[in-house]
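Next come the chains, spelled out residue by residue.
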Protein chains: 2
Amino acid sequence: MEQQSRLAGTVRPGGRTARTRAAVLEATQDELVECGFHGLNMDRVAAKAGVGKTTVYRRWGDPAGLVTDLMAELAESSAPHADTGGIEGDLLANALNVLGAVTDPRLGATFQAVIAAATGNEAAAAALNDFYLRRIRAWAPVVDRAVARGELPEGTDGMEVIRAVSAPLYYRLLVTREPVDEKVAEHAAARALAGARAGAFT
Amino acid sequence: MEQQSRLAGTVRPGGRTARTRAAVLEATQDELVECGFHGLNMDRVAAKAGVGKTTVYRRWGDPAGLVTDLMAELAESSAPHADTGGIEGDLLANALNVLGAVTDPRLGATFQAVIAAATGNEAAAAALNDFYLRRIRAWAPVVDRAVARGELPEGTDGMEVIRAVSAPLYYRLLVTREPVDEKVAEHAAARALAGARAGAFT
DNA sequence: GGCCAAACGGGACTGCTGTTCCATTAATGC
DNA sequence: GCATTAATGGAACAGCAGTCCCGTTTGGCC
């Protein structure tokens, strides 16, 4: 049932195989937007992608395999961090970046699907961990630069500050299910900054 | 397919009906610990509870209905907040309380299941929102008392501070899938406190 | 204690998910 | 270009989740 879904191990990654994968992942995202993860249907994905359902089952195994591959795909194409010249602007940019991602219909549906899939699926959990670790590492330098500029205390943990900015947004989105908007994003950035200035992240 | 799962609307809530519900919810939690939400099987739950599977389908409809009812049950029996005499101890107690809940095998499995169910199920999402709103309201007074004692700035938003303590724990648990331990809990409490003292929660 | 209807239980049934088999297509290496 | 074989597609098949029907049990009420 469980099987590797990454294209990496295939012997013939070019041409048809790559086209099939692109079409299937595209169709998967469409389905996620319409039906969510729990409504993700392998047959419909295959039909919408224009490939045989045998192919989908063989290469991805189950819905969790599809969203795991989708997440791996997103991990490749991560945008670089901002540089507004000051830590306040950089953290706000990070918060708005997260807000934009979870608010975007396609991306938001994908993130929620992977998070749902990751409860009880080791591969999906690993893909999720990989994605966010990359993202946090990519943004941590904005904190390091602020430390170098003297805006934040020496020894401030950049990755922890970045985590602190994202956490409230995801907490509301996933746990309390309260609305997530610009105000929440601004507060998240401001509070992480206040904690960092107070030396709570050293 | 979707149907109300709460016992509230039943005409005969006593005797057999209540026993059936208790047995089914107990069996559901057992299954969640063993198989997780995606492996939750209505037939096995019915068998383990010693009731007919028709009954389970009729009253709860689907796995999401089961975990939603379970969450509603947990919402009833919420523990009162701590009172250590100081805001630092109270917030730490809150963080350790959350840590204990998500670390406990039965509770943790239940929370993760409801969170997974809530992506794409309105009833589960509502139960989740209700549970956490109750919990946050129950703990907010520790902040209000601290403000009254002069430990925190006037106008500090108690509910927001409580949210800020929980958020990093759930963020790690659900999103980045990093380990959650006492150190993380202590940091979460300390950073929320630092932000509050700096006036970031007013 | 007895009546009535709500709630339950068992078993047959159905449709869909996921598998298997084999023929067909096309990517790779020469 | 041509041979090899990885990868795909279609169709038949199997198993189980979820539904339906109807007889049985039991809680609420007088």
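As the structure is a computational prediction, the values presented were derived from the model and not from experiment.

A word on the overall build of chain A
At step 1: Scanning chain A from N- to C-terminus turns up nine helices and zero strands.
At step 2: Reading chain A from its N terminus to its C terminus gives the helix and strand order α-α-α-α-α-α-α-α-α.
At step 3: By its C-alpha atoms, chain A is 60 × 35 × 25 Å across when sized along the principal axes.
At step 4: For chain A, the residues scored as buried account for 52% of the 202 residues in total.
At step 5: Pairs at least 24 apart in sequence give 68% of the contacts found in chain A among residues at least 6 apart.
At step 6: In the form shown here, chain A has an accessible surface area of approximately 8900 Å², with 53% of it arising from carbon and sulfur atoms.
At step 7: A distance of 6 Å separates the average location of the 22 positive side-chain charges in chain A from that of its 25 negative side-chain charges.

Description of unusual backbone geometry
The phi angle of most residues is negative, glycine excepted, and most peptide bonds adopt the trans form.
At step 1: Residues other than glycine seldom take positive phi values, yet R177 of chain A does so here, at roughly 60°.
At step 2: Secondary-structure assignment places R177 of chain A in the loop between α8 (158-176) and α9 (182-197).

Quick notes on the pattern of salt bridges
At step 1: On inspection of all chains with the given rule, the structure shows 32 salt bridges over all chains.
At step 2: Among the salt bridges present, the one from R145 of chain A reaches D83 of chain A, with a minimum N-O distance of 3.2 Å. Within this pair, whereas R145 of chain A is found in helix α7 (residues 122-149), its partner D83 of chain A is found in the loop between α4 (63-76) and α5 (87-103), the two being separated by 62 residues in sequence.
At step 3: With relative accessibility at 24%, the residue R145 of chain A sits in the partly exposed group.
At step 4: Notably, a salt bridge pairs R106 of chain B with D30 of chain B, separated by 2.6 Å at the nearest N-O pair.

A closer look at the UniProt feature "domain: HTH tetR-type" (unreviewed entry) in chain A
At step 1: When the UniProt feature table is mapped onto this chain numbering, "domain: HTH tetR-type" (unreviewed entry) sits at residues 18-78 of chain A.
At step 2: Along residues 18-78 of chain A, the helical share is 79% and the strand share 0%, with 20 Å between the first and last C-alpha atoms.

Overview of the packing of aromatic side chains
At step 1: This model, assessed by the stated rule, comprises ten aromatic pairs over all chains.
At step 2: With a centroid separation of 5.0 Å and an interplanar angle of 85°, the aromatic rings of F131 of chain A and Y132 of chain A are classed as edge-to-face.
At step 3: For Y132 of chain A, a relative accessible area of 2% gives the class buried.
At step 4: Three or more aromatic residues joined by ring pairs make a cluster, and in this case those are F111, F131, Y132 and Y170 of chain A together with Y171 of chain B.

Procedures and definitions
Residues numbered from 1 in each chain as written. Chains lettered and ligands numbered in written order. Predicted model: local features only at pLDDT ≥ 70, side-chain atom pairs only at ≥ 80, totals over all residues. Heavy atoms only, no water. Helix = DSSP H or I, 4+ residues; strand = E, 2+ residues; numbered from the N terminus. Buried < 20%, exposed > 50% of the residue type's maximum accessible area, 1.4 Å probe, protein only. Contact = heavy atoms within 4.5 Å. Areas by Shrake-Rupley, 256 points an atom, 1.4 Å probe, with all protein chains shown as cover. Lys, Arg positive; Asp, Glu negative; His and termini not counted. Charge placed at Lys NZ, Arg CZ, Asp CG, Glu CD. Salt bridge = Lys/Arg side-chain N within 4 Å of Asp/Glu carboxyl O. UniProt positions renumbered as here; feature names shortened; annotations may be inferred. Phe/Tyr/Trp six-rings, centres within 6.5 Å; stacked < 30°, edge-to-face > 60°.

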